[in-house]
Amino acid sequence: MTYSPRALISPTFLRQPPSEVVSPNERKILKLIWRQMGISRSELTGKCDLTQQSVYRIIDGLVERAILEMGPPKAGAGRGQPSPTLRFNSRYAYSVGISVNTDTMGICLMNFSGQIVATDNLALDGVGMDAALEQAGTIIAQHIEQLELDPDRVFGIGFAIAGFRVSGTQYNAPLPLHEWSLVELGPLLSRRFSRPVWVHNGANTGAVAEAMFGVGRYIGDFAYLSFNYGFGGGLICDGELLVGGNGNAGEFSGMFHRDESPDRPALQYLIETLQKNGVDVPSISYMRKHFDPTWPGVDTWITRVAPMQARLVNAIAAVFDPAAIVFGGQVPKELAVMLIEKSTSYDQPRYGVYKPRPKLIVSDVAGDASALGAAIAPFKAEFY
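Scoring rules and cut-offs
- Residues numbered from 1 in each chain as written.
- Predicted model: local features only at pLDDT ≥ 70, side-chain atom pairs only at ≥ 80, totals over all residues.
- Heavy atoms only, no water.
- Pairing = 2+ DSSP bridges.
- Helix = DSSP H or I, 4+ residues; strand = E, 2+ residues; numbered from the N terminus.
- Axes fitted to C-alpha atoms, helices over the stretch in contact; angles between N-to-C directions.
- Contact = heavy atoms within 4.5 Å.
- Core = buried A, V, L, I, M, F, W, Y, C linked by side-chain atoms within 4.5 Å.
- Buried < 20%, exposed > 50% of the residue type's maximum accessible area, 1.4 Å probe, protein only.
- Salt bridge = Lys/Arg side-chain N within 4 Å of Asp/Glu carboxyl O.
- 1 Å grid on protein atoms, 1.4 Å probe; cavity = no way out; pocket = protein on both sides within 12 Å on 5 of 7 lines; lining within 4 Å.
- Points joined across faces, edges and corners; volume = space filled by probe spheres on them.
- Nonpolar A, V, L, I, M, F, W, Y, C, P; charged D, E, K, R; others polar.

**Notes on the sheet that holds strand E3 (residues 94-100)**
No. 1: The 5 strands are arranged E5-E4-E3-E6-E9 in an open sheet whose pairing can be described as mixed. For this open sheet the edge positions go to strand E5 (116-123) and strand E9 (197-201), each flanked by a neighbour on one side alone. Strand-to-strand twist in this sheet, taken as the mean axis angle between neighbours without regard to direction, amounts to 15°.
No. 2: Looking at chain direction, E3 and strand E6 (residues 154-161) are connected through 7 bridges and run parallel. If you follow Val96 over to E6, its bridge partner there is Ile157.
No. 3: Strand contacts of helix H4 (residues 129-146): E3, strand E4 (104-111), E5 and E6, with the helix running at about 30° to E4, the strand carrying the most contacts.
No. 4: Contacts between helix H5 (residues 185-193) and the sheet are confined to E3, E6 and E9, with E9 contributing the most and set at about 135° to the helix.

Have a look at this one:
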């Protein structure tokens, strides 16, 4: 039987009769409010294809269910009856994001408004899957208790793992995560945490975090490059993640022949290069925290990967034509700037005119973007 997190959602969050969390029109309204938190009720009518009566009725229903809260009207909003502003009720629900990379597990606890209420990090070096999940469960429970949250208001868990999707909730992860590979993670994790679990590729949840909290606030179409132990990414079109027919859109490493793999911009190879040059960098997390652009080997690695990166950036521009390409994942910001400076365009002018190119931008998301995107994934899947 196909695993579905939706089937495991607590009746507490379902509409009456209990069949769905929100209706299509309610989702439409919630999505508009997310994009412009504090929008007035009267402003909503002009932004959707619903009548004023329908908008007001939907909002009243969402307020009654405590999903939305009404605030004071905007100052200087004009003549007539003042219209209340709208915002999400942050206490309505909570979600947990768990991101598994090759060396660390990131944990993010988020409220319904998208605000981070707690984060944590667990080193995975030498820690097996079962032990890591046991520790994660303990950490999550401790945060819920310390923050005095109602456990029944934890809507679900978003889980992100480095690796490509095989089928269902099975992913094929890099060698350090072999124990996590080729198992149905959805049912396993749902039983473990007694919550519905939405499973994604970690680069995709990083792209979702960028769409919801980073450059996506002002750019609707972009490609997200996720520099991790391996190398992948995600595609955001009109604010939504493109997953593809097999769930692997954005697996940019597939663009390179296996003989070229060591020359793609995967951070495992940068660490190898640094260690060969006498720089003691034990992990990607350490490198991100302590990165020094003057380390011997950094320039060598950038020069080596530059041709592959150029091929990738130009292919994305030609096929997807995004407004921007975001350099994210676990890459240190200084290193991302250096990679952008080395990027070259294949374009040739026609009649002296070049076609528009995507802007190359360093990620605007601080912290563990993959865990952040995983945390908002349950809300985005069911509410907005």
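From this point, the narrative continues.
**Examining the nonpolar core**
No. 1: Core analysis: the largest hydrophobic core is formed by 51 residues, its most contacted members being Ile29, Phe383 and Tyr384.
No. 2: Setting aside residues up to four positions removed in sequence, Phe383 forms contacts with Val21, Val22, Arg27, Leu30, Ile67, Tyr92, Phe112 and Phe155.
No. 3: Residues Leu270, Val281, Val313 and Ile340 belong to the second largest nonpolar core, which totals 36 residues.

**Description of the pattern of salt bridges**
Side chains bearing opposite charge may pair, as long as their charged atoms lie close to each other.
No. 1: For the coordinates displayed, the defined rule picks out 15 salt bridges.
No. 2: Glu382 is the salt-bridge partner of Arg6, the closest N and O atoms lying 3.1 Å from each other. Of this pair, Arg6 sits in the segment before helix H1 (24-35) while Glu382 is found in helix H11 (residues 369-382), placing the two residues 376 residues apart along the sequence.
No. 3: Lys28 is paired through a salt bridge with Asp49; the nearest N and O atoms lie 3.0 Å apart. One end of the pair, Lys28, is in helix H1; the other, Asp49, is in the loop between helix H2 (41-45) and helix H3 (52-64), and 21 residues separate them in sequence.
No. 4: In the salt-bridge network here, residues are joined through shared partners; they are Arg15, Glu20 and Glu26.

**Things to note about empty space enclosed by the protein**
In this approach, a probe sized like a water molecule rolls over the atoms, and the result shows the empty space that is left.
No. 1: Tallied over the full model, the rule gives 2 cavities of 30 Å³ or more.
No. 2: Quantified by volume, the largest cavity comes out at close to 50 Å³.
No. 3: Around the largest cavity, the lining residues are Val96, Ile107, Cys108, Leu109, Ala118, Thr119, Asp120, Ile140, His143 and Ile144.
No. 4: Residues of the lining of the largest cavity, tallied by class, amount to 7 nonpolar, 2 polar and 1 charged.
No. 5: Roughly 30 Å³ of volume is contained in the second largest cavity.
No. 6: By residue class, the composition of the lining of the second largest cavity is 1 nonpolar, 6 polar and 1 charged.

**Some remarks on unusual backbone geometry**
Most peptide bonds take the trans form, and the phi angle of most residues other than glycine is negative.
No. 1: One non-glycine residue, Ala66, lies in positive phi territory at about 70°.
No. 2: Within the secondary structure, Ala66 is located in the loop between H3 and strand E1 (68-71).
No. 3: With a phi angle near 55°, Asp321 is a residue other than glycine that sits in the positive phi range.
No. 4: Its location among the elements puts Asp321 in the loop between helix H9 (298-319) and strand E13 (324-329).
No. 5: Given a relative accessible area of 53%, Asp321 falls into the exposed group.

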